[in-house]
Amino acid sequence: VVHAALAGLRSLGITQGPTYTQVRFGDQGAFLVETAHRPGGGLDPDVAELASGISMYRQLLGVALDRPAWEAPERIGPQHGGVIGKFLIGQPGQVVSVSGLDGARALPGIEDAQVYVREGETVHPLINGSHRIGHVLAVGRDRREAEVRAEAAATVIRVETRERTDAS
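Here goes a summary of the coordinates provided. What you see is a predicted model, and the numbers here were worked out from it, not measured in a lab.

Rules of the game
Residues numbered from 1 in each chain as written. Predicted model: local features only at pLDDT ≥ 70, side-chain atom pairs only at ≥ 80, totals over all residues. Heavy atoms only, no water. Helix = DSSP H or I, 4+ residues; strand = E, 2+ residues; numbered from the N terminus. Polar contact = N/O pair within 3.5 Å; in protein donor to acceptor, adjacent residues only side chain to side chain. Pairing = 2+ DSSP bridges. Salt bridge = Lys/Arg side-chain N within 4 Å of Asp/Glu carboxyl O. Buried < 20%, exposed > 50% of the residue type's maximum accessible area, 1.4 Å probe, protein only. Core = buried A, V, L, I, M, F, W, Y, C linked by side-chain atoms within 4.5 Å. Contact = heavy atoms within 4.5 Å.

Regarding unusual backbone geometry
A negative phi holds for most residues other than glycine; trans holds for most peptide bonds.
Here's step 1: One non-glycine residue, Asp 66, lies in the positive phi region at around 55°.
Here's step 2: For Asp 66, the location among the structural elements is in the loop between helix H3 (56-64) and helix H4 (68-71).

Printed below as a string of structure tokens:
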């Protein structure tokens, strides 16, 4: 798998910096599906930093600004045994109220909680990542504890919607 990924990167001339690479592995071996010269999307850089203590953003700036010291995988924060980034999915409609965000942020192990929609805005059916309504980032001693904490925070956050009418 590693050899297939590296072969794809070499073919594009990528020698430094992050990549988002997908490789399939099956009966006929490993083959490259996709690669791009960028970090993973969504919460990937945040989850990686909380799990490792190493900031991918700092490393990216090191590459961009030609600061080799910033490129080094230096731990700048704590390392957690379990980390979960959980996206929030809303009921389609017009947002009537948003509540519970402060309560979710105050729970043990919650590193971040955000809601992306405000009152009056529209929650769309989930057909792509841009239709998510928020996220929580949770840490724990292990994956299970982080999952429980993320779920607890997600249930505290309430985004109430009502069906849109033609007039709204």
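Side note on H3
Here's step 1: Capping the start of H3, Ser 55 holds a side-chain oxygen 3.3 Å from the backbone nitrogen of Tyr 57, two or three residues further along.
Here's step 2: The first or second residue beyond H3 is Asp 66, which carries a positive phi of 55°.

Observations regarding the sheet that holds strand E4 (residues 93-99)
Here's step 1: One open sheet accounts for three strands, arranged E6-E4-E8; its pairing is antiparallel. Edge positions in the open sheet fall to strand E6 (122-123) and strand E8 (158-162), since each of these has one partner strand only.
Here's step 2: As judged from the two bridges shared by E4 and E6, these two strands associate in the antiparallel manner. Residue pairing in the sheet places Gly 93 in a bridge with Val 123 of E6.

Focus on the pattern of salt bridges
Here's step 1: A complete count under the given rule lists seven salt bridges for this structure.
Here's step 2: Ionic pairing is found between Asp 102 and Arg 105, a salt bridge with its closest N-O pair at 3.7 Å. Here Asp 102 and its partner Arg 105 are both found in helix H5 (residues 101-105), three residues apart, which amounts to about one turn of the helix.
Here's step 3: Take Asp 102: its relative accessible area is 61%, and that puts it in the exposed class.
Here's step 4: Three or more residues joined by partner-sharing salt bridges are found here, namely Arg 141, Glu 145 and Arg 149.

With respect to the nonpolar core
Here's step 1: If you look at the biggest cluster of nonpolar residues, it comprises 19 residues, and the most contacted ones within it are Ala 113, Val 115, Val 117, Ile 133, Val 136, Ile 157 and Val 159.
Here's step 2: Examining the composition of this core, we find that four residues originate from one element, helix H6 (residues 143-156), more than from any other.
Here's step 3: Dropping the residues within four chain positions of it, Ile 157 is found in contact with Leu 88, Ser 99, Gly 100, Leu 101, Ala 104, Ala 113, Val 115 and Val 136.
Here's step 4: In terms of nonpolar packing, the next biggest core, distinct from the first, is built from five residues, Leu 43, Val 83, Leu 137 and Val 139 among them.

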